[in-house]
Amino acid sequence: MTKKITVKDLTAEEKLRLICADGFWYTVDFGGKIPRACVSDGPVGLRAEREENGKKTTLPAVSYPSVQSLANTWSRECARRTGEALADDCKERGVDILLAPGVNIKRNPLNGRNFEYFSEDPYLAGTLAYEYIDGLQSRNVGACLKHFCCNNLEYNRFHLSSEVDERTLREIYYKPFEIACAAKPVAVMSSYNRINGTYGSEYQKGYDVLRDEFGFDGAIYSDWDAVRDRTAACKAGLDIEFPFNGKNYEKLVADYKAGKLSDEELDACAARVLELGYRCEEMRRDRTVRLTTEERIEVAKKTAEESIVLLKNDGILPLKRGTKACVCGCYGKPDAGMVAGGGSSMVEWLGKGFSIPDLLSERLGTETSYEVAFYWGTVVGHGAYGCNPEISGDQAARADVCVVCAGTGAQFEYESADRLTMKLPAVQERAICELAAINPNVVVVLFAGSAIDMSGWIDRVKGVVFAGFCGEYGGEAVADVLCGAVNPSGKLSETFANSFEDYPSAHTYGNMNVVCYEEGLNVGYRYFDRNPAGVRFPFGFGLSYSEFAYSALEIQPKDGGAEISYTVENLSLRDGKEVSQVYVRECNPLVYRPVKELKGFSKDAVKSGKKVRVRVRLDFNAFAHWSVSEDRWKAADGVYEILVGASAADIRLAAKLEISDGKLTVL
Ligand code: BGC
């Protein structure tokens, strides 16, 4: 390595140039004088764009299940492995930093990018993001955590102001960033929107929290084209503007010359961009690709297996060998856009995808028929094409079971716009109902990236499998779950309410420049715990082909916090996996608190007829809330309950402890 250059070695002109990117995906290197960083999109695969002779192409890459699906695994191991595998994808393409993961909270089910985010719960989102980042960076590729902060809708995303009180920011919207920052991501990307009136690219107050309180020591990027005023952004501590914007740059230079930007302010950003380049140079020393493409595909398949959530099963699943199935719906033989969301995260497939009818034929040992029945369809009330399904009915009537492959896809869920409805396109709802009238044994497989309102058809079908946006390699996992080779173990990382109107944020959605987060802390199950009537499927819910019993809860004070242990027993004849969840409730709080909050979870393989002893650590902060009057985290003295459940609405075990003068005693 040549001598490390510091800001002192650069002219003011160089520093001004350094804090603005080089084109779309690079930082500047002054002809090799300093190391540069190459960045590319994630999070569900590498979307590397290359330009040759003025023509842009996207390089094909392994497509992993969407982040929503990853979260539905509730598996730290899947998140870590996905990060590790992605590192190899990046290394092969010379990418230093992956623009991922995003940890924005799912406040509203219509947010067009929900498929790119983990959860409605900050602990689950932050914990899995931590593993993903640590997996990626342990293999010497950097992560860029995004979008800081409160980017919870796509509507009017360049201007919308998210108006949020300080306590809610701390406990809900900052929290996943706080947890994920412990993995030391090399970068954080700011958001497009405004936060309480201030643009994400000028959000000094939040940047100070990141740097001074969360220990973030990397560089802060703008989101693409998000900077309005480069000078104001630099003053706030936004280190690099992406992509290069000539006008902004000229204005920055003029402002500097006019004395509107100090050398200290410029140097602070320039130093961090330099540091990032050197960090990338250091990481580039290890370009060893550890997993073959086939092994990475295996990671994607395994994640898909663990992510599938069995939502309804009136005894119809798993399908027995010899069952004559009829697959209906274009999602049975999807193209890339049908099992992934659209926008900057969309991955170019390596191969041709999958065919559910073929995969079922192999597993069931009989010929599975296929009827397209409907194409993507249009959203309720929009356009007219494809509104009536075309169902011949013969094959569906003759079959033992009708597997309807339905969903959304990139046409409905994409960056820069929100969904218009939580329902499936009308043509698909009609197809499900018509098929259910022809054949009483209908199983619906949903390929979607966010919560679906199923009220129009769910009572007419016997089974519902939420396959998520499973990506190119998810088909086998779906077929294996349907036929029982894989025992479903995914659980919902967000509440599926009956309808959009049941969400607390529904009435704050409109034609707007400002969105008031009136519900405060009551996001997701924190709201539905007090309003259970609106819930179709609760947070943390997912069926299995096994049945699990919970027993013997114990609490042990440990290192200032507590170790929670309990037994999970598999009562069935099949091996399975159970996601158990640990919630904390303050019994008589003196400030408003949600009924309970997730503070730990575990996913354990439990063999048929066997038991495992699960241990979950809670640190002292698990009991704390953000005290507005004291401007700090505070675990108030009082009694707390530890609730262990199979979902937010299915608590199996409870025990109490007391905190007094900062000391924890089991009651
Ligand atoms: C998205 C980011 C993405 C960037 C680069 C933006 O539009 O919001 O998430 O990383 O583009 O493609």
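None of the values given here were measured: they were computed from a predicted structure.

1. Points about the confidence of the model for the chain
- For the chain, the average pLDDT comes to 96, and 98% of its residues sit at 70 or higher.
- pLDDT under 50 marks residues 379-385. Its contacts with residues more than four places away, or in other chains, come to 11 contacts.

2. As for the domain arrangement of the chain
- Domain boundaries assigned for the chain yield domain 1 (7-48 + 60-284), domain 2 (293-494) and domain 3 (548-666).
- Spacing between the C-alpha centres of domain 1 and domain 3 amounts to 33 Å.
- Facing 15 residues of domain 1, the contacting portion of domain 3 comprises 15 residues.
- For the pairing of domain 1 and domain 3, the buried interface totals around 1,400 Å² over both sides, and the portion due to carbon and sulfur atoms is 62%.
- Summed over the shared surface of domain 1 and domain 3, the result is zero salt bridges.
- Linking domain 1 to domain 3 there are five residue pairs in polar contact (both at pLDDT 80 or more).
- The residue inventory of the side of domain 1 that touches domain 3, partitioned by class, reads four nonpolar, three polar and eight charged.

3. Describing the side chain of E131
- With respect to the helices and strands, E131 occurs in helix α4 (residues 122-138).
- At 2.9 Å, the side chain of E131 forms a polar contact with the side chain of R80.
- Every residue in contact with E131, bar those within four places of it in the chain, is listed here: R76, A79 and R80.

4. Re helix α5 (residues 166-173)
- Within α5, seven of the eight residues are buried, leaving the element largely enclosed by the surrounding structure.
- Those residues of α5 that sit buried are R167, T168, L169, R170, E171, I172 and Y173.
- Capping of α5 at its N-terminal end is provided by D165; its side-chain oxygen lies 3.1 Å from the backbone amide nitrogen of R167.

5. Points about the sheet that holds strand β29 (residues 663-666)
- The strand order across the open sheet formed by five strands is β23-β22-β27-β28-β29, and the pairing between neighbours is antiparallel. Pairing within the sheet leaves two strands with one partner each, and these edge strands are β23 (597-606) and β29. Taking the axes of each pair of neighbouring strands and ignoring which way they run, one obtains an average angle of 30 degrees across the sheet.

6. What to know about the site of the ligand
- Inspection of the region around the ligand gives 14 residues, with D41, R113, H147, D223 and E415 positioned closest.
- Separating an oxygen atom of the ligand from a side-chain N or O atom of Y192 is a distance of 2.8 Å.
- The side chain of E415 places a nitrogen or oxygen atom 2.6 Å from an oxygen atom of the ligand.
- Compared with its free state, where it exposes 310 Å², the ligand has 94% of that area covered by protein.
- Residue composition of the shell around the ligand, by class: five nonpolar, two polar and seven charged.

7. Structural notes on the sheet that holds strand β12 (residues 325-328)
- If you trace the six strands from one edge of the open sheet to the other, you get β11-β16-β15-β14-β12-β13, paired in mixed fashion. Two strands close off the open sheet at either side, each with one partner strand: β11 (309-313) and β13 (369-371). Strand-to-strand twist of the sheet, defined as the mean angle between neighbouring strand axes without regard to direction, takes the value 20 degrees.
- Sheet analysis places β11 next to strand β16 (residues 463-466), joined by four bridges and oriented antiparallel. By the bridge assignment, K312 is partnered in β16 with V464.
- Against the sheet, helix α14 (residues 426-438) makes contact with β12, β14 (401-407) and β15 (442-447), and its axis sits at roughly 175 degrees relative to β14, the strand it touches most.

Parameters at a glance
- Residues numbered from 1 in each chain as written.
- Predicted model: local features only at pLDDT ≥ 70, side-chain atom pairs only at ≥ 80, totals over all residues.
- Heavy atoms only, no water.
- pLDDT = per-residue confidence, 0-100.
- Contact = heavy atoms within 4.5 Å.
- Domains from an automatic or database assignment.
- Buried area = accessible area lost by both parts, 1.4 Å probe.
- Salt bridge = Lys/Arg side-chain N within 4 Å of Asp/Glu carboxyl O.
- Polar contact = N/O pair within 3.5 Å; in protein donor to acceptor, adjacent residues only side chain to side chain.
- Nonpolar A, V, L, I, M, F, W, Y, C, P; charged D, E, K, R; others polar.
- Helix = DSSP H or I, 4+ residues; strand = E, 2+ residues; numbered from the N terminus.
- Buried < 20%, exposed > 50% of the residue type's maximum accessible area, 1.4 Å probe, protein only.
- Pairing = 2+ DSSP bridges.
- Axes fitted to C-alpha atoms, helices over the stretch in contact; angles between N-to-C directions.
- Near = heavy atom within 4 Å.
- Areas by Shrake-Rupley, 256 points an atom, 1.4 Å probe, with all protein chains shown as cover.

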